[in-house]
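The primary structure of each chain is shown beneath.
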Amino acid sequence: MRKILKNLHRRTKITVAVCWSAVILMLAASTVLYIGAGGIFDYYTAVDLSESLLALCRPASVIAFLASLGSEYAAKKHKKT
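In what follows, the accompanying structure is described. In this text, all values refer to a predicted model and were calculated from it rather than measured experimentally.

Counting across every chain of the model gives one salt bridge. Lys76 is the salt-bridge partner of Glu72, the closest N and O atoms lying 3.5 Å from each other. With Glu72 and Lys76 both in helix 3 (residues 43–80), this residue pair falls four residues apart, about one helical turn. Using a relative accessible area of 41% as the deciding quantity, one classes Lys76 as partly exposed.

A surface patch of nonpolar side chains, amounting to about 590 Å² of accessible area, comprises Trp20, Ile24, Val62, Phe65, Leu66 and Leu69. Looking at which element gives the most residues to the nonpolar patch, the answer is helix 3, with four residues. Tracing the backbone shows Ile24 in helix 2 (residues 10–36).

By the secondary structure assignment, His9 is in the loop between helix 1 (2–6) and helix 2. Relative accessible area serves as the criterion here: at 35%, His9 is assigned to the partly exposed category. In this structure the C-alpha to C-alpha distance between His9 and Leu27, which are 18 residues apart in sequence, comes to 27 Å.

Our focus in this paragraph is the state of the cysteines. Working definition of a disulfide: a covalent bond connecting the sulfur atoms of two cysteines. Under the counting rule described, the total for this entry stands at zero disulfides. Looking at Cys19, it has no disulfide partner, and the nearest cysteine sulfur is the one in Cys57, 13 Å off.

Over its 38 residues, helix 3 extends 55 Å from the first C-alpha to the last, a length consistent with the 56 Å expected when each residue adds 1.5 Å. Of all the bends in helix 3, the largest measures some 30° and sits at Cys57, one to four residues before the proline Pro59. Among the residues of helix 3, Ala46, Val47, Ser50, Leu53, Cys57, Ala60, Ala64, Ser68, Ser71, Glu72 and Ala75 are the ones counted as buried. The secondary structure elements touched by the buried residues of helix 3 are helix 2.

Moving on, we come to the nonpolar core. Counting nine residues, the largest nonpolar core is built from Val23, Met26, Leu33, Ala37, Ala46, Val47, Leu53, Cys57 and Ala60. Top contributing element to this core by residue count: helix 3, with five residues. Ignoring sequence-local partners within four residues, the contact set of Cys57 consists of Val23, Met26 and Leu27.

We now examine the environment of Ala64. Topologically, Ala64 is positioned in helix 3. Sequence separation of Ala64 and Val16 is 48 residues, and the distance between their C-alpha atoms is 7.0 Å. When sequence neighbours within four positions are dropped, the list of residues in contact with Ala64 reads Cys19 and Trp20.

Conventions and cut-offs
- Residues numbered from 1 in each chain as written.
- Predicted model: local features only at pLDDT ≥ 70, side-chain atom pairs only at ≥ 80, totals over all residues.
- Heavy atoms only, no water.
- Salt bridge = Lys/Arg side-chain N within 4 Å of Asp/Glu carboxyl O.
- Helix = DSSP H or I, 4+ residues; strand = E, 2+ residues; numbered from the N terminus.
- Buried < 20%, exposed > 50% of the residue type's maximum accessible area, 1.4 Å probe, protein only.
- Patch = residues over 30% accessible without salt bridge, like charges linked within 9 Å, V, L, I, M, F, W, Y side chains within 5 Å.
- Areas by Shrake-Rupley, 256 points an atom, 1.4 Å probe, with all protein chains shown as cover.
- Disulfide = S-S within 2.5 Å.
- Expected span 1.5 Å × (residues − 1).
- Bend = angle between axes of the 7 residues up to and from the residue.
- Contact = heavy atoms within 4.5 Å.
- Core = buried A, V, L, I, M, F, W, Y, C linked by side-chain atoms within 4.5 Å.

Following this line, the structure appears as structure tokens:
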């Protein structure tokens, strides 16, 4: 895995870091809201927001994957020409 990441273009590395960080933050916020529902936060609002964030994690993951793949493809294609 380290060898694969080492061979990525600089722009792709930045895309991977930013996109996957956003997905991880969404998942972490969803977890905090779900655990804190009822104790720290209003129960129904926190659970609803937690479920919404969790539902958005999958499309955000797909977008992150496609952005990384597209960025690397564009870099490799640009390098060939």
